[in-house]
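What follows is the residue order along each chain.
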Amino acid sequence: MRDFIDPEVVARLSAIPLDARLPMIGNVSGRHRSPTRGSSLEFSEYRKYVPGDDTRRLDWRTWGRTDRFYIREYEADTNLRLCLIVDVSGSMAYCPSGQKTGPDSKLDYARRLAGTLAWLAASQGDAVGLFCAGESFKREIPPRRSSTNLRHVLDEMGAMRAEGTTGLPDALHIAAEKIPQRALVVIISDLMMDPELLRSGFQHLRFRRHDVVVFHLMEKNEIDFDFDRPVRFVDLEGLPPMLIDPISIAKEYRKAVQTYLENIKTMTRDSAVDYRRVGLEQNYADVLAQFLLARKR
Amino acid sequence: MTFLQPLLLLAIPLIGLPILIHLINQNRHRTIHWAATMFLIQARKMATGMARLRYILILIARMLTIAGLIFAVSRPLSGGWLALTAGGVPDTTIIVLDRSVSMEHTDQGTGRSRRRTAIEKLSQLLQESASSTHLVLIDSVTKKPTKLDSASDLLESPLVQDSATASDIPSLLQAAADYVSENETGRTDVWVCSDLQASSWDASGGRWEALRSAFASRQGVRFNLLTYTDLPKHNVAVSLRNVHRRATADSAELVMDLKLTRTGDLSQPFRVPLTFVINGARTTTELEISGDTLQRNGHIISVDRDATKGWGRVELPQDGNPADNAFTFVYAEPDVHRTVIVADDPVAAEPFRIAAATSQQKNQNSEAIVLAPAQASQILWDSTAFIVWMAAMPDDATAAQLKSYVQSGRGLLFVPVAGLTAGEFDGFRWNEWKSADENSHFSVGQWRTDSDLLANTRSGSPLPVSRLQVRQYCPLTINATNQNQPGGEPGTQPPSAGTSTESGAGAADRIVSVLAQLDGGIPLLTRMSLGDGAYYFLGTRPEPEYSTMLNQGVVFYVMIQRAIAQGAAILGGASGRNCGTVPDDLMQQWTALDPESLEIVPSRRSLLPGVFQSGARQISLNRPLTEDDSQVVADEQLEQMFGTLDFVRIQDQSGQQSSLASEIWRLFLGLMIFALLAEAVLCLPDRSPSLAKPNQATSL
């Protein structure tokens with residue numbers, strides 16, 4: 001266990017399976033549906049026998065009734081590939097306290113979310129991979145089922161540092177190309193960019209038949225802009241500082257945020273992405289529980 | 001604007017407190033490392049104009065709040081004339097009050113005259129705003145500064161009561177200037193309460209320049225003109241002139257020139273009932289007046305043939321000005337206007353004799369006799385109206401008789417004689433004659449046009465004094481017991497024309513005035529008041545070798561006739577005088593002839609119209625006829641009169657109830673509350689619901 005994974009939370013959440021909304025293609029059998037037919041106990045359909053089919057799968061009872069050969073097919077259960085894409089741009093270093101560094105930054109929150117999800121997925125035998133999206137694709141660990149890989153992923157999570165500008169749109173395209181088979185792609189970011197820049201990345205992932213989930217991290221002050229004294233805002237991604245009287249622009253700020261959130265919501269709905277806005281003040285265990293329950297079959 | 005607590009205005013710099021706090025806040029910002037910079041950039045783009053304006057409005061509202069509070073606690077005073085005055089309570093407040101007849105125009109609704117309205121408002125204003133100031137009243141009757149203990153005394157003072165006199169605003173302002181100069185007053189407010197009547201203000205007179213100079217040399221003198229120029233809706237004034245008795249074959253009649261003057265609506269003819277009261281008998285007649293004036297010369301009223309003397313009055317119904325609705329008169333057999341010329345040289349005295357013996361009016365008997373100085377004892381002191389002394393200065397006995405004669409109210413003119421400059425009279429002595437260069441002459445530079453022997457005519461035209469040319473003049477000096485020398489002595493500065501100086505012991509009764517002076521300030525005609533009369537010194541002679549007085553005979557003749565008329569007015573059996581021109585103590589000895597005059601308290605007899613008797617002499621007192629003139633000073637003239645002096649004009653109306661000043665702290669308190677509300681509205685936070693609530697918030 002790493003310090004960003006709480007055993008109690010894992011214990012609470014392990015009772016809820018991590019399911020994908022779409023059929024997955026895995027290497028081994030597992031608890032997730034597969035687009036192919038397999039040997040599970042769950043009946044799927046009948047089909048006509050064609051030469052070459054395994055005769056052991058003929059349904060003799062049906063042959064007896066109809067004098068025709070039918071093959072009895074069953075659902076294939078396979079494992080899940082969980083690909084975690086974590087935004088490590090400078091903006092993810094934001095802390096509610098306004099300090100440059102702190103224990104409650106967005107990246108810390110993302111680390112807890114991603115780490116817990118990785119542990120849960122590995123616990124149910126699924127493969128786990130990690131992609132760190134900074135200015136460029138900084139680090140990528142392909143999804144594997146091994147415990148060594150999990151350890152590798154968790155180590156990498158612990159070492160993540162938020163810095164530089166964001167390169168998430170490009171990272172999504174790269175991830176879509178690099179993840180070879182259907183996977184559950186979980187994106188954890190504050191999405192501080194024009195929503196339209198993300199649209200093509202999400203659509204690319206969906207085109208690859210990935211089940212895409214976005215955890216959008218935002219802090220309450222970033223939305224409500226509840227300040228009453230002049231503030232010098234220092235941009236975490238390197239833009240020049242701004243001395244602003246918050247009262248004078250609060251209304252316009254909120255209006256801009258509202259427009260942005262509506263655009264994000266519309267864009268993710270259009271792209272069939274499971275969008276979840278998360279406030280840093282929320283307990284991440286609750287967020288994950290909500291997420292897992294919503295997906296439970 | 002005046003403040004009752006002006007010290008609190010020292011807090012005015014606190015108005016800048018919001019700006020200071022704003023600047024401090026700007027420097028006390030905190031630093032936040034921020035992720036959502038993209039929203040800040042968008043918000044700043046959207047909020048550039050409105051947000052800045054809103055912030056400026058908030059700052060202004062906060063400043064107004066503080067300003068309103070400061071001004072409210074400073075207890076500002078104002079009325080219909082906001083920002084009337086500035087700078088707090090003056091050290092001295094001089095009230096120049098016009099008590100003339102025209103100030104008695106009365107508002108029909110409230111019954112308050114212009115004078116009363118002005119006094120009440122001024123009293124209220126001073127009680128509220130300037131209770132600590134030194135109050136000085138200069139009224140148009142006494143023309144003397146009178147200190148008042150408090151503003152409330154204004155309402156009670158007999159010096160603000162009505163009178164039927166005329167006013168001379170320049171002389172009142174001169175008195176104010178003298179008071180300011182003598183008492184070294186600090187910041188001084190001069191309130192002039194007047195109706196701006198043109199005859200009272202004498203806009204074309206030469207005294208305004210001297211007044212401007214006098215006030216301009218004083219710092220902190222400010223004028224507030226409380227003016228009442230609204231014309232009454234309806235007013236008719238009546239006046240009489242040349243009232244005299246004429247005997248006919250079997251009866252007698254009074255002949256008079258009657259004049260009605262109307263102001264207000266002149267579009268329609270108006271029938272006026274005139275009531276004549278003659279020796280107690282009343283008759284009423286109606287006259288129709290169309291236009292603004294009705295002049296009826298030679299109006300005749302029959303009287304008892306045996307009544308060789310008597311009194312009367314003409315009355316009008318009540319209208320806009322009750323003070324011009326009556327005019328009194330007395331009549332008697334015409335007196336002889338007797339003049340005595342005391343001269344060594346009868347030939348030299350001849351011009352004076354002719355001028356004195358030639359009466360202005362047909363029915364007036366005038367006579368002039370020439371006596372040698374040794375015959376001075378033959379002068380009929382009790383019946384002589386005027387004496388011309390053109391000989392050596394009189395001896396002590398004669399001088400004493402002459403002084404007594406002058407003190408009774410009659411005139412005495414000294415004319416210098418070549419070679420006879422020895423001796424003195426009452427401290428005055430002639431010096432050696434001085435001549436102008438050959439082919440040159442002295443011209444008259446200034447002379448008094450407002451009163452006395454060289455005053456303007458009744459129509460306002462000046463006498464042609466400036467055309468006089470003087471070739472020789474005789475300087476006049478005062479001996480050591482007198483403080484001022486009219487001129488002539490080296491190293492002394494003679495007073496200029498139009499100015500008066502008190503001289504020597506008993507100065508209250510001895511006032512030297514230079515009535516005319518030659519170029520260079522050399523006195524030509526000097527007046528020395530003594531008792532009720534005055535004696536004059538003419539600095540030259542009328543003959544051609546001395547001056548052009550005979551060639552320009554108008555000035556000479558008018559001067560002599562006016563001096564005779566002054567004396568005759570004292571001596572005549574029946575005389576008409578203007579109110580205010582007869583000494584109070586003299587009037588108190590007289591008895592009233594009619595019931596109306598009887599109601600007048602003795603101390604005010606000289607100020608109100610009436611008919612009186614003392615022995616065989618009768619006198620009628622009336623308002624000066626210049627008071628019937630409704631012409632007022634134009635704004636441009638007013639600007640010219642005051643020139644660069646600091647003055648504010650406040651136009652008021654008689655009977656108007658609004659006060660000159662009232663406490664207006666409520667106004668500023670209201671302003672403060674309004675500014676507070678505006679600031680609160682501008683600072684209201686955005687009421688849109690919080691967007692921070694995540695779209696899914698279910699928990700385990």
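As the structure is a computational prediction, the values presented were derived from the model and not from experiment. (Residues numbered from 1 in each chain as written. Chains lettered and ligands numbered in written order. Predicted model: local features only at pLDDT ≥ 70, side-chain atom pairs only at ≥ 80, totals over all residues.)

A. Representation of the overall build of chain A. Each helix and strand in chain A was counted, giving 9 helices and 10 strands. Every one of the 297 residues in chain A was classed for burial, and the buried ones make up 43%. Long-range pairs, those at least 24 residues apart, make up 77% of the contacts in chain A with a sequence separation of at least 6. (Helix = DSSP H or I, 4+ residues; strand = E, 2+ residues; numbered from the N terminus. Buried ≥ 20, exposed ≤ 12 C-beta atoms within 10 Å, placed from the backbone. Contact = placed C-beta atoms within 7 Å.)

B. Molecular detail of the interface of chain B and chain A. Tallying the contact residues gives 33 residues for chain B and 44 residues for chain A. Those elements that provide at least two residues to the side of chain B that touches chain A are α1 (17-27), β2 (30-34) and α2 (37-73) of chain B. Among the elements that line the side of chain B that touches chain A, the one with the most residues is α2 of chain B, at 12 residues. Of the strand pairs in this sheet, strand β8 (residues 231-235) of chain A and β2 of chain B are connected by 5 bridges, and their pairing is parallel. Paired with F233 of chain A across the strands is I32 of chain B, a residue of β2 of chain B. (Pairing = 2+ DSSP bridges.)

C. Structural context of the nonpolar core. Ranked by size, the top nonpolar core spans 92 residues in total, and within it L82, L84, I85, A118, V185 and V186 of chain A carry the most contacts. For this core, the leading source of residues is helix α3 (residues 106-123) of chain A, giving 11 residues. In terms of nonpolar packing, the next biggest core, distinct from the first, is built from 66 residues, A343, A356, V415 and C474 of chain B among them. (Core = buried A, V, L, I, M, F, W, Y, C linked by C-beta atoms within 7 Å.)

D. Region of the structure containing the packing of α3 of chain A against helix α4 (residues 147-159) of chain A. Residues and elements named next belong to chain A. It is the contact of α3 with α4, at a shortest axis distance of 10 Å, that shows an interaxial angle of 175 degrees. Put simply, α3 runs roughly antiparallel to α4. Where α3 approaches α4, its residues R111, A114, G115, A118 and A122 are matched on the opposing element by L150, V153, L154 and M157. By residue class, the composition of the contact of α3 with α4 is 7 nonpolar, 1 polar and 1 charged. (Axes fitted to C-alpha atoms, helices over the stretch in contact; angles between N-to-C directions. Parallel < 35°, antiparallel > 145°, perpendicular 65-115°, else oblique. Nonpolar A, V, L, I, M, F, W, Y, C, P; charged D, E, K, R; others polar.)

E. Summary view of the sheet that holds strand β13 (residues 293-303) of chain B. Residues and elements named next belong to chain B. One open sheet accounts for 3 strands, arranged β9-β10-β13; its pairing is antiparallel. A strand with exactly one partner marks an edge of an open sheet, and here the two such strands are β9 (234-247) and β13. Pairwise comparison of adjacent strand axes, ignoring direction, gives a mean angle of 20 degrees for this sheet.

F. Region of interest: unusual backbone geometry. All names here are of chain B. Within the chain, D202 stands out as a residue other than glycine whose phi angle is a positive 50 degrees. Among the structural elements, D202 can be located in the loop between α6 (198-201) and α7 (207-216). The backbone phi angle of N439 is positive, close to 65 degrees, even though this residue is not glycine.

G. Representation of the pairing of β9 of chain B in the model. Residue and element names in this part refer to chain B. In terms of strand pairing, β9 meets strand β10 (residues 252-264) through 12 bridges, oriented antiparallel. Pairing of R241 across the sheet is with D257, part of β10. The loop that links β9 with its antiparallel partner β10 comprises 4 residues.

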